[in-house]
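Summary of structural features
The lines below spell out each chain.
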Amino acid sequence: MSKTLYAFIMIVIALFGIGVFLYGLYAIWQPLAYVVGGLIMIGIAIAMNELYDHIPIDKGGDD
């Protein structure tokens, strides 16, 4: 199995797990589900920002 397919399958399983978790919270108490869902989305956004490969821009100057 290629790494890309494996990574895609892991992402799908993780998203499904998060969805089931949030649906369970929603069924128990809706406001808690929205709070936890928002925190998960913030965490994903922070993780994606940290994993992004920043390419330094050479602005010139003395060497």
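Below, the structure is looked at part by part. (Residues numbered from 1 in each chain as written. Predicted model: local features only at pLDDT ≥ 70, side-chain atom pairs only at ≥ 80, totals over all residues. Heavy atoms only, no water.)

**Examining the overall build of the protein chain**
Condition: Numbering goes from the N terminus for both helices and strands, where a helix is a DSSP run of H or I of at least four residues and a strand is a run of E of at least two. When a residue's accessible area, from a 1.4 Å probe over protein chains only, is under 20% of the maximum for its type it is buried; when over 50% it is exposed; and in between it is partly exposed.
The number of helices and strands found in the protein chain is two helices and zero strands. In the protein chain, which comprises 63 residues, the share counted as buried stands at 6%.

**Section: a nonpolar patch on the surface**
Which entries qualify depends on this criterion: Candidates for patches are residues over 30% relative accessible area with no salt bridge; among them, like charges are joined within 9 Å and nonpolar side chains (Val, Leu, Ile, Met, Phe, Trp, Tyr) within 5 Å. Every accessible area reported is derived by Shrake-Rupley at a probe size of 1.4 Å, with residue values counting cover from the shown protein chains alone. One speaks of a salt bridge when a side-chain nitrogen belonging to Lys or Arg is within 4 Å of a carboxyl oxygen belonging to Asp or Glu.
Residues Met-1, Leu-5, Tyr-6, Phe-8, Ile-9, Met-10, Val-12 and Ile-13 make up a contiguous nonpolar surface patch of about 830 Å² in total accessible area. On the secondary structure map, Val-12 appears in helix H1 (residues 3–28).

**Let's talk about the packing of aromatic side chains**
Selection rule: To pair, rings of Phe, Tyr and Trp, with the six-membered ring standing in for Trp, must have centres within 6.5 Å; the planes then decide the type, stacked if under 30 degrees apart, edge-to-face if over 60, and tilted in the middle.
Across all of its chains, the model carries one aromatic pair by this definition. For the ring pair Tyr-26 and Tyr-34, a centre distance of 6.1 Å and an interplane angle of 80 degrees mean the geometry is edge-to-face. Residue classification places Tyr-34 among the exposed positions, given a relative accessible area of 57%.

**So, the packing of H1 against helix H2 (residues 30–51)**
Worth spelling out the cut-off: In this analysis, axes come from line fits to C-alpha atoms, helices being fitted only over the stretch in contact, and the angle between any two N-to-C directions falls in the range 0 to 180 degrees. With respect to orientation, any angle under 35 degrees is reported as roughly parallel, any angle over 145 as roughly antiparallel, any angle of 65 to 115 as roughly perpendicular, and every other angle as oblique. Two residues form a contact once any of their heavy atoms are found within 4.5 Å. When residues are sorted by character, Ala, Val, Leu, Ile, Met, Phe, Trp, Tyr, Cys and Pro go into the nonpolar class, Asp, Glu, Lys and Arg into the charged class, and all the rest, Gly among them, into the polar class.
Across the interface, H1 lies against H2 with an axial gap of 6 Å and an inter-helix angle of 150 degrees. In terms of their interaxial angle, H1 and H2 are classed as roughly antiparallel. Between H1 and H2, the contacting residues are Ile-18, Phe-21, Leu-22, Leu-25, Tyr-26 and Ile-28 on the first element and Gln-30, Leu-32, Ala-33, Tyr-34, Val-36, Gly-37 and Ile-40 on the second. Class assignment of the residues belonging to the contact of H1 with H2 gives a composition of eleven nonpolar, two polar and no charged.

**Some remarks on H2**
Heads up, the rule is: In this scheme, a helix's expected span is set at 1.5 Å multiplied by one less than its residue total. Here the arc refers to the directions that run from the helix axis out to each C-beta atom.
Along its 22 residues, H2 runs 32 Å from first to last C-alpha, staying within 8% of the 32 Å computed at 1.5 Å per residue. Looking at H2, one finds that the buried residues are Ala-33, Val-36 and Gly-37. On an axial view of H2, the arc spanned by its buried residues comes to 105 degrees, and they lie on one face. Relative to its buried face, H2 has exposed residues pointing more than 90 degrees away, namely Tyr-34, Leu-39 and Glu-50. Here the buried face of H2 lies against H1.

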